[in-house]
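# Descriptive structure summary
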Amino acid sequence: MPDGPAALALAMLAAFCIGMSKAGFSGISLIAVFIMAELYGAVPSTGIMLPLLIAADLAVYPAFRKHASWKPVWKLLPATLVGLAIGIWLLKVILTQQGSDQIARRVIGGCIMGMVALQALRAWKPDFAERMANSRAFGTAAGVTGGITTMLANAAGPVIQLYLLSRRIPKMELLGIGARFFLLVNLIKVPLSGSFNLITRATLLDNLKCLPAIFVGIWVGKWLVQRVSQRIFEWMVIVFSLLVAARLLLA
């Protein structure tokens, strides 16, 4: 971790945002993406964040286990694995280019902006959006996009939540599906990130310093999610996603 109390405070804030995101406020995780990218660089930060995400996944899974099943996860998984493979290829390409951090940010920002546009379509043309959301092609596209974004920047949370919102899945069921999906996918990513030397002894030591903030974020997020209506919850996901996508594209 970069030296100094300011850097540690920023890393703790990022971990807090990860905890809140796992409790239901997925778009907030992208604040963590920004902070870690500033501290470590966009690509190396993925190796810093992954163990923190897994720790948060393990902590929240029991709380949301009763609200959904594994069936939607298995439907998304094949497309997500394709996305992970594409993400690995893109990561290899990006790492050979100058300005690799900016390239990675723009790829992620474009994917998230596309999902926000789909949410706008749902508001303007609900009948068309409903037919599309229930189509196999749309689910496949969401899975592939989620796989790419999670491999490049651990930023698939808004993508998957926007997809589930488009299918009008209730808030608590959405959180239950997300808890299962990201626990499985993040565990799959461990050897992939390790192959790029993004997870090392040094990064794991930095993770240990941030763990307390993860659990505080989860506690705050669980308290808030029980007190936020479905409509406000949906708008929070959309607004966070839009702001982050714009920031990534303009960085």
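In every chain, residue numbers begin from 1 and rise along the written sequence. Local features in this predicted model are restricted to residues of pLDDT 70 or higher, and side-chain atom pairs are both shown and tallied only at a pLDDT of 80 or more, whereas totals for entire chains, interfaces and linings draw on every residue. Side-chain metrics in this entry use all non-hydrogen atoms of the structure; hydrogen atoms and water are not considered.

So, on to the overall build of the protein chain. Put simply, DSSP H or I for four residues or longer makes a helix, DSSP E for two residues or longer makes a strand, and each gets a number counted from the N terminus. Helix and strand content of the protein chain: 11 helices and 0 strands. Listed N to C, the secondary structure of the protein chain is α-α-α-α-α-α-α-α-α-α-α in terms of helices and strands. It is over C-alpha atoms that the radius of gyration is taken, and the globule rule equals 2.2 Å times the number of residues to the power 0.38. The C-alpha radius of gyration computed for the protein chain amounts to 17 Å, which stays within 12% of the reference 18 Å derived for 251 residues, consistent with globular compactness. Its C-alpha atoms give the protein chain principal-axis dimensions of about 55 × 40 × 30 Å. Categorising residues by exposure relies on relative accessible area from a 1.4 Å probe, with only protein chains included: less than 20% of the type maximum marks a residue as buried, more than 50% marks it as exposed, and the intermediate range marks it as partly exposed. Evaluated residue by residue, the protein chain yields a buried proportion of 54% over its 251 residues. Restricting the contact set of the protein chain to residue pairs at least 6 apart, pairs at least 24 apart contribute 82%. Element-wise, carbon and sulfur atoms account for 68% of the exposed surface of the protein chain, whose accessible area totals about 11,300 Å². In this tally Asp and Glu are treated as negative and Lys and Arg as positive; neither His nor the chain ends contributes. Charge coordinates come from a single atom per side chain, which is NZ of Lys, CZ of Arg, CG of Asp or CD of Glu. Of the charged side chains in the protein chain, 23 are positive and 9 negative; the average position of the first set lies 7 Å away from that of the second. Only heavy atoms enter the contact rule, under which two residues are in contact if any of them lie within 4.5 Å. In this description, accessible areas are obtained by the Shrake-Rupley approach with a 1.4 Å probe, and a residue is regarded as covered only by the protein chains that are shown.

UniProt positions are given in the numbering used here, feature names are shortened, and annotations may be inferred rather than shown by experiment. The positions that UniProt labels "transmembrane region" (unreviewed entry) are, in the present scheme, residues 6-35, 47-64, 76-95, 107-124, 144-165, 177-199 and 232-250. Across residues 47-64, helical content stands at 100% and strand content at 0%; the span's end C-alpha atoms are separated by 26 Å. Within residues 144-165, the helical portion is 86% and the strand portion 0%, while the C-alpha atoms at the span's ends are 17 Å from each other.

Glancing now at the environment of Leu164. Here Leu164 shows up in helix 8 (residues 157-166). Between the alpha carbons of Leu164 and Leu174 there is a distance of 6.5 Å; along the sequence they are 10 residues apart. Leaving out residues up to four positions away in the same chain, Leu164 has contacts with Ile169, Leu174 and Ile177.

You will see that Asn197, though not glycine, has its phi angle at about 60°, which is positive. Its location among the elements puts Asn197 in the loop between helix 9 (171-195) and helix 10 (201-225).

Between rings of Phe, Tyr and Trp, where Trp is taken as its six-membered ring, a pair exists when centres lie within 6.5 Å; planes separated by under 30 degrees are stacked, by over 60 edge-to-face, and by other angles tilted. Summed over all chains, the structure comprises 3 aromatic pairs. Between Tyr61 and Trp70 the ring centres are 6.3 Å apart and the planes differ by 45°, which places this aromatic pair in the tilted class. Residue class for Tyr61 comes out buried when judged on its relative accessible area of 17%. Judged by centre distance (5.0 Å) and plane angle (90°), the ring pair of Phe181 and Phe182 falls under edge-to-face. By relative accessible area, Phe182 is classed as buried at 11%.

To form a nonpolar core, buried Ala, Val, Leu, Ile, Met, Phe, Trp, Tyr and Cys residues must be joined to one another through side-chain atoms within 4.5 Å. Of all hydrophobic cores here, the largest spans 54 residues; its most connected members are Ile18, Met36, Met49, Leu164, Phe181 and Ile214. Element by element, the count of residues in this core is highest for helix 9, at 9 residues. Residues Val43, Ala79, Ile94 and Val144 belong to the second largest nonpolar core, which totals 14 residues.

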